[in-house]
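Fold and contact review
For reference, the chains in residue letters:
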Amino acid sequence: MGAVVPSLPPLGPTAAERHPDRIAYVFARTVFVASARVGARTARTSTASRMQGIRTLSGLGMLMVVDRGVAAMGRRQGAWVGSAVAGTGAVVAAGLGPVTNYASATVPGWAAHAWVIWPVFAVLVTVGIGLVLWGRRLDAAASPPTRLGPVGRSTWGRQDSLRPPHVERVRGREAELAELTGMLRRPQGRFAVLCAAGGTGKTTVAAQFASQANGAGWQVFWVRWRDSAELAQQMVQVALACGLPEAELESARAGRASLPDVVWRQLGRVRRWLLVLDNADEPQEIGPAGEPLADYRGWIRPHGRGLLVVTSRDSGPQTWGPRARLLPLKPLPAQPAGQILVDAAPEAGTAEQARDLAMRLGGLPLALHAVGTYLAGPTSRYRTFTAYRRALEHELSLLLGAEHPDASHPQVARSVVRHTWEVSLDQLAREGNALARPVLRLLAVLAEAPVPLSLITPDLLSAVTGDDVTVVALEAAFAGLHRYGLLDLPHSPGDAEQASGVGGPAQVVLHPLIREINAVALAAEAPRLATWHRALAERLTSAVHEVDEQGRAGWPAAVLLAPHLPVLLDFPDQRSAAHHRAALSTLALALEHAGAFGAARLLHERVLDFESRTLGTRHPDALTSRNHLANALFGMGEPTEAIRLLRQTLEDRSRVLGPAHPDTLISRHDLACALDGTGQHAEAVSLLRQTLADRSRVLGVMHPHTLASRDSLGLALDGMGEHAQAVRLHRQTLDDRIRVLGPEHHLTLLSRHNLAVALARQGEHAEAERLLQQALDDHARVLGAAHPHTLASRDSLGLALDGMGEHAQAVRLHRQTLDDRIRVLGTKHPDTLTSRHNLAVALAGTGEQEEAVRLLRQTLADRARVLGPEHPHTVRTRDDLETVSAAWRAAQRRQTWLRPSRR
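Residues numbered from 1 in each chain as written. Predicted model: local features only at pLDDT ≥ 70, side-chain atom pairs only at ≥ 80, totals over all residues. Heavy atoms only, no water.

A few points about the overall build of the chain
Within the chain one finds 38 helices and 7 strands. Counting across all 903 residues of the chain, residues that qualify as buried make up 50%. Within the chain, counting contacts between residues at least 6 apart in sequence, those at least 24 apart form 67% of the total. About 41300 Å² of surface is accessible on the chain, with carbon and sulfur atoms providing 55% of the total. (Helix = DSSP H or I, 4+ residues; strand = E, 2+ residues; numbered from the N terminus. Buried < 20%, exposed > 50% of the residue type's maximum accessible area, 1.4 Å probe, protein only. Contact = heavy atoms within 4.5 Å. Areas by Shrake-Rupley, 256 points an atom, 1.4 Å probe, with all protein chains shown as cover.)

A look at helix α29 (residues 681-698)
Along an α-helix, a turn takes 3.6 residues, which lines up residues three or four apart on a common side. For α29, with 18 residues, the first-to-last C-alpha span of 25 Å sits near the 26 Å given by 1.5 Å per residue. Taken as a whole, α29 has its buried residues at A684, V685, L687, L688, T691, L692, D694 and R695. Contacts from the buried residues of α29 go to α28 (662-677) and α30 (704-719). Of the residues one or two after α29, G700 is the one with positive phi, at around 110°. (Expected span 1.5 Å × (residues − 1).)

What to know about the nonpolar core
In this structure, L443, I456, L587 and L591 are the most contacted members of the largest nonpolar core, which totals 89 residues. Here this core takes 8 residues from helix α22 (residues 529-550), the largest share from any one element. For I456, the residues in contact, after removing those within four places along its chain, are L442, L443, L446, L461, L474 and F478. (Core = buried A, V, L, I, M, F, W, Y, C linked by side-chain atoms within 4.5 Å.)

A look at a nonpolar patch on the surface
On the surface, V701, M702 and V740 cluster together into a nonpolar patch covering about 220 Å² of accessible area. Inspection of the secondary structure assignment puts V701 in the loop between α29 and α30. (Patch = residues over 30% accessible without salt bridge, like charges linked within 9 Å, V, L, I, M, F, W, Y side chains within 5 Å. Salt bridge = Lys/Arg side-chain N within 4 Å of Asp/Glu carboxyl O.)

Notes on the sheet that holds strand β5 (residues 324-328)
In spatial order, the strands read β2-β3-β4-β1-β5; together these 5 strands make up an open sheet with parallel pairing. On the outer flanks of this sheet lie β2 (219-224) and β5, each paired with one strand and no other. Taking each pair of neighbouring strands and ignoring which way they run, the sheet shows an average axis angle of 20°. Bridge count between strand β3 (residues 273-278) and strand β4 (residues 307-312): 4 bridges; the pairing is parallel. What sits directly across from V276, in β4, is V309. Contacts from helix α7 (residues 228-241) reach β2 and β3, with the element oriented near 170° to β2. (Pairing = 2+ DSSP bridges. Axes fitted to C-alpha atoms, helices over the stretch in contact; angles between N-to-C directions.)

Description of the confidence of the model for the chain
Close inspection of predicted coordinates is inappropriate for parts of the model with low pLDDT. Overall, the prediction assigns the chain a mean pLDDT of 82, with 79% of residues at 70 or greater. Contacts for the low-pLDDT stretch residues 138-158, under 50 throughout, to residues beyond four places or in other chains number 34 contacts. In this model, residues 492-502 is a region of pLDDT below 50 whose contacts with residues beyond four sequence positions or in other chains number 39 contacts. (pLDDT = per-residue confidence, 0-100.)

A few points about the environment of R668
Locating R668 in the fold gives a position in helix α28. For R668, a relative accessible area of 5% puts it in the buried group.

What about the pattern of salt bridges?
All chains considered together, the criterion is met by 52 salt bridges. Note that E179 is salt-bridged to R325, the shortest N-O span being 3.0 Å. Taken together, the positions of E179 in helix α5 (residues 174-185) and R325 in strand β5 put the pair 146 residues apart, joining distant regions of the chain. For R325, a relative accessible area of 30% corresponds to the partly exposed category. For K828, the salt bridge identified is with D862, shortest N-O distance 3.1 Å. Remark: D862 occurs in helix α37 (residues 849-866) and K828 occurs in the loop between α35 (807-825) and α36 (830-845); sequence separation between them is 34 residues. Taking the relative accessible area as the measure of exposure, K828 reaches 41% and is therefore partly exposed. What emerges from the salt-bridge pattern is a single network uniting E422, D426, R437 and R441.

As for the packing of helix α17 (residues 436-445) against helix α18 (residues 458-465)
Packing of α17 against α18 brings their axes to within 11 Å, and their N-to-C directions diverge by 100°. By the angle class used here, α17 and α18 are roughly perpendicular. Note on element contacts: α18 touches α17 through L460, L461 and T465, opposite P438, V439 and L442. The residue inventory of the contact of α17 with α18, partitioned by class, reads 5 nonpolar, 1 polar and no charged. (Parallel < 35°, antiparallel > 145°, perpendicular 65-115°, else oblique. Nonpolar A, V, L, I, M, F, W, Y, C, P; charged D, E, K, R; others polar.)

Focus: the packing of aromatic side chains
Within the structure shown, the criterion is met by 3 aromatic pairs. Ring centres of W264 and W273 lie 6.1 Å apart, and the angle between their planes is 65°; this geometry places the pair in the edge-to-face category. Ring centres of Y374 and Y388 lie 5.4 Å apart, and the angle between their planes is 65°; this geometry places the pair in the edge-to-face category. With Y374 in helix α13 (residues 365-376) and Y388 in helix α14 (residues 385-399), the pair connects residues that are 14 residues apart, well separated along the chain. Overall, the relative accessible area of 1% leaves Y388 in the buried class. Above the ring of W218, the side-chain terminus of R272 is found at 3.9 Å from the ring centroid. (Phe/Tyr/Trp six-rings, centres within 6.5 Å; stacked < 30°, edge-to-face > 60°. Lys NZ or Arg CZ within 6 Å of the ring centre and 35° of its normal.)

As for the side chain of T200
Along the chain, the position of T200 falls in the loop between β1 (191-195) and α6 (202-215). A distance of 2.9 Å separates a polar atom in the side chain of T200 from the backbone oxygen of A197. Ignoring sequence-local partners within four residues, the contact set of T200 consists of R173, L329, L364 and P365. (Polar contact = N/O pair within 3.5 Å; in protein donor to acceptor, adjacent residues only side chain to side chain.)

Examining the packing of α28 against α29
Relative to each other, α28 and α29 sit at 155°, their axes nearing to 8 Å. Here α28 lies roughly antiparallel to α29, going by the angle between them. For the pair α28 and α29, the crossing hand works out as left-handed. Of α29, the residues touching α28 (which contributes L665, I666, R668, H669, L671, A672, L675 and D676) are H681, E683, A684, L687, L688, Q690, T691, D694 and R695. (Left-handed = near helix turned anticlockwise from the far one by under 90°.)

A few points about helix α8 (residues 246-253)
Across the 8 residues of α8, 7 count as buried, placing the element largely inside the fold. Taken together, the buried positions of α8 are A247, E248, L249, E250, S251, A252 and R253. G255 lies just past α8 and shows a positive phi near 90°.

Comments concerning the environment of A864
Tracing the sequence through the fold places A864 in helix α37. Given a relative accessible area of 29%, A864 falls into the partly exposed group. Among all residues touching A864, those that are not within four sequence positions of it are P869 and T874.

Comments concerning unusual backbone geometry
The phi dihedral of Q188 is positive, around 55°, even though this residue is not glycine. Position of Q188 relative to the elements: it lies in the loop between α5 and β1. Phi at N279 takes a positive value of approximately 60°, unusual for a residue other than glycine. Structurally, N279 can be placed in the loop between β3 and β4.

Quick notes on the side chain of R515
For R515, the position within the fold is in helix α21 (residues 512-525). An unpaired buried charge is present at R515: no salt bridge exists, and E448, the closest side chain of opposite charge, is 4.0 Å distant. (Lys, Arg positive; Asp, Glu negative; His and termini not counted.)

The structure is reproduced here in structure tokens:
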């Protein structure tokens, strides 16, 4: 049999290829292979076979020597010595081949002697061993630079695993996983950043995606950020696993090439890989030092032929650059959040109970997993979803806000609800943003609602911290908290913004659990908590005066401020209680002027509850608050409850203050207006005549309250069909209000509107249309395009146009008003039902009876439910429905009679 020639792997692009001894090296290798193959084919005799085995061994040894010598010495200055030795070995190997080949065919006497072949082989072995020892000596002398120490061979034995962590199941992140899957298939020069505050499950999502990619055949690498040295070491591991030649790595170790360049060059050569860099919360430390990460010159690059996924608390687009695809993780919705609890504690209750608890936890994955683990524990005090949710109201500081003894360890801090956000605050402090922590603590004292940025001022922070705070430092604190996901910047306009047409102010919002945990932390760490409360109370009351003085311009800020104001009543400073109650009432009245009755109602309820407990239900201040609450309820579309409270307040004020007291007259006037608004015109007229007489006697005929009673009496008379008297009173009131309040006052505009409506009902449509158009323009300019008074003017203008026969224009106005009232007031508000009724009547006038019937049927059902089946408005809708339905049926019969017969 012929001798077996060992197969040799093809050479990769090593340093030897770039060295001048390349010619000798290749020549030696080529000669060896050729001579070995020829010798294998020509072996005939036993002596020749033995000699061929010797020459094959010697040639292979020489080749290994040449490989080692050239690869080692070709990297250094003065490697010409190694080149000369390698060349000599190549000549010997080249000469040995023909000699042994010749000997295998015809063996001369001198070549058949062992004393000839074995000395030659011994010389080759000796030279080879010498070169190996020489190469090791040179390796030891040429140690790598200290800045590239992490890639040295001595550290390879303690490298971390590149395998991703195991996760069982991920809930509610299907959209993010689908986005990552699309990027994995087509990276297109981008990389992904899963970013959010701590506790949102970034690592879990990345691990689930890594598992999916691994199952689909991608090569997956998981790198966890701790420091720049370990990152360099792990990135080298990744590159080596992707086939990085040893020679290129040695080039970086020797300082002739950038290590990140070498690694990413290799990642650009291979396909179908996924690299996850987890917990990259300090992007500025990733490197290279002194260069922005977004320049993509360091370890974060979009240049590979696979996909890089980074998880980080830093969500700033400027941090990651234009090639990053930011995937911010939000709290989980109710269904998947509840399912996480059911997965962890299936015996703790129903899916609905789990969803309730999940929403109490704000859908935060870290809290969900912590609570699920707790509920599943055999020794836990609370074993059901319902019991735990109830316990949170009183024991949040113990269940989720307890301090962990090992919180100083970074990995422990990340996994504990109380401490996970402190990791981000510590990082901000290391960046020089020490103000971020007190800002977050201060926001946590406020309500679970958007906070206007104008509320948090440098003076407020100076008062609570004792340090000088500048505007620049405060803005940097907000920016840092937003970048780390600890607060959001929502766009959630309130009803005052919609009513006024003014753009909303800048605002921030906290996740509910972040707010609660930071409030617990503040109570535990602030030795002067009363100082914080006092400073915040002063700022809140001053903010109320600011928005009240701004008028319409301050309405959007007033809506944002409203949820936070009740905290004033929770502060234990009784000396300022009256001042705080006045602030809440002032803001509530401003909200009523803005048409934000819902926000006003909440403030009136809090004040009434506080005053009833501390002053008594019959105290004049409590009666005033009850009257305010009733008006807010009526504005919200709850007339029944409003009328009940107004009757009760009128009786109590008459008994406590007297029947002619100005506050008693206010209650009687407000009750009459509510009765008139629900169709009880006769009782309203009786009360308003009495109130007008008493106010004229007590306050004077030109007092604004007296003018209000006269205007309201005109409305009630108009509702009873006394249009001429109503027109006379409205004309007089309009003239007096122009003289007393001015032509642009909102009550003056209301008088003009009421006069126009009375004129339209009297049949004077032309003058009514002119006044209503003027009232609509003035209301839109003064109050805003979506203010309830503006919408009322547009609705009335539509009625006037419909009465003039301009049905198409009326339909257009009523459709627009209906859409706006649904958005501002809601679908069941009485004014919204009025708009739908008026639209149906106008549609009937255009011949669209089918749609008109549908709208009237819907309005009849809603009015019967909201106002009652016998309310005048409900009765009117029922009558109009019968009329329009009869007309529709008649039209259908005519169409059937006129349709040609098909025979």
